[in-house]
Amino acid sequence: MNLFRSEEHVARWLETNGYEAGATLSTEGICDLAQAWWGDRLDPNWQPHTLEQNQAILDGLGLTGEFWRLA
Amino acid sequence: MDVDLRNRIYAWFVEHGEAPAPEEVGADEAAFQRLHDEHALVLEPDSTEIRMLNPFSAVATPYRVETDGGSWYGNCVWDAFGIPAALGVDGHISTNCPYCGTPLEVDVVSGGRGRTTSSPTSWCRHGTGGTTSASPEAR
């Protein structure tokens, strides 16, 4: 995942490199995703997330659709 | 998965700012390899040196994070945002726009909202081409 100056630069970068479009998030959105996904990573009682737990994180943040489907 | 060993490795990394060798956390190379095989960490190819403790990178990357407790690197920008979240602290992320190279600086308030200096847009895609990271299911 990368950070871009603007959505226009995302589009230019995709075109220049011939990449297929993925998804874009605002920095606020990625803050929310990072908090939900990584927030427990240093918890002494950490346990591996199941696929269902991770999918629930994405769904809970409104990150739905084929791109965000984990399996 | 040996969660206790995994947790000791993470704790060591945060305390020392670098990845431990197996013997420094009461383990051996085989134990590190098992954690790698279980996707709890990522080793360097053909080595038991740790390269990634997601969201942390044990090597320098273009995704630098500054916190009051130290300097860190993420494996991608999502990981960079994840470091303040994991540490439970505020952070400052420095990277560059992959298209134009413009430096991008983002302040992150732990558990809150990012404040940016240049309204950057984060973007992710499946696959491992170019400079992008692996897709979400790899975490």
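In this text the structure is predicted, and so the values were computed from the model without any measurement.

Novice: I'm lost on unusual backbone geometry in this one. Help?
Specialist: Most peptide bonds take the trans form, and the phi angle of most residues other than glycine is negative. Residues and elements named next belong to chain B. With an omega of 10°, the peptide bond between Asn54 and Pro55 qualifies as cis. Within the element layout of this structure, Pro55 appears in the loop between strand 2 (50-53) and strand 3 (56-57). Backbone geometry at His39 places phi at a positive 65°, although glycine is not the residue there. Tracing the sequence through the fold places His39 in the loop between helix 2 (29-37) and strand 1 (42-43). Residue His39 is classed as exposed on the basis of its 12 C-beta neighbours within 10 Å.

Novice: I tried to follow the confidence of the model for chain B on my own but got confused; where do I start?
Specialist: Note: predicted coordinates in regions of low pLDDT should not be interpreted at a detailed level. Residue and element names in this part refer to chain B. Overall, the predicted model of chain B reaches an average pLDDT of 83, with 78% of residues at or above 70. Taken as a whole, residues 126-139 scores under 50 in pLDDT and shows 21 contacts with residues more than four places along the chain or in a different chain. Two summary scores accompany this predicted model of the complex, namely pTM at 0.85 and ipTM at 0.91.

Novice: Just to check I follow, could you spell out the nonpolar core for this structure?
Specialist: Generally speaking, nonpolar side chains in soluble globular proteins are found buried as a group. Of all hydrophobic cores here, the largest spans 45 residues; its most connected members are A:Ala34, B:Leu53, B:Val77 and B:Phe81. If you list the elements that add at least two residues to this core, you get strand 1 (2-4) and helix 2 (27-38) of chain A together with helix 1 (3-16), helix 2, strand 2, helix 3 (77-87) and strand 7 (103-108) of chain B. Considering every element that reaches this core, the biggest residue donor is helix 3 of chain B, with eight residues. When residues of this core are assigned to domains, at least three fall in each of domain 1 (3-53) and domain 2 (64-128) of chain B.

Definitions and limits used
- Residues numbered from 1 in each chain as written.
- Chains lettered and ligands numbered in written order.
- Predicted model: local features only at pLDDT ≥ 70, side-chain atom pairs only at ≥ 80, totals over all residues.
- Helix = DSSP H or I, 4+ residues; strand = E, 2+ residues; numbered from the N terminus.
- Buried ≥ 20, exposed ≤ 12 C-beta atoms within 10 Å, placed from the backbone.
- pLDDT = per-residue confidence, 0-100.
- Contact = placed C-beta atoms within 7 Å.
- Core = buried A, V, L, I, M, F, W, Y, C linked by C-beta atoms within 7 Å.
- Domains from an automatic or database assignment.

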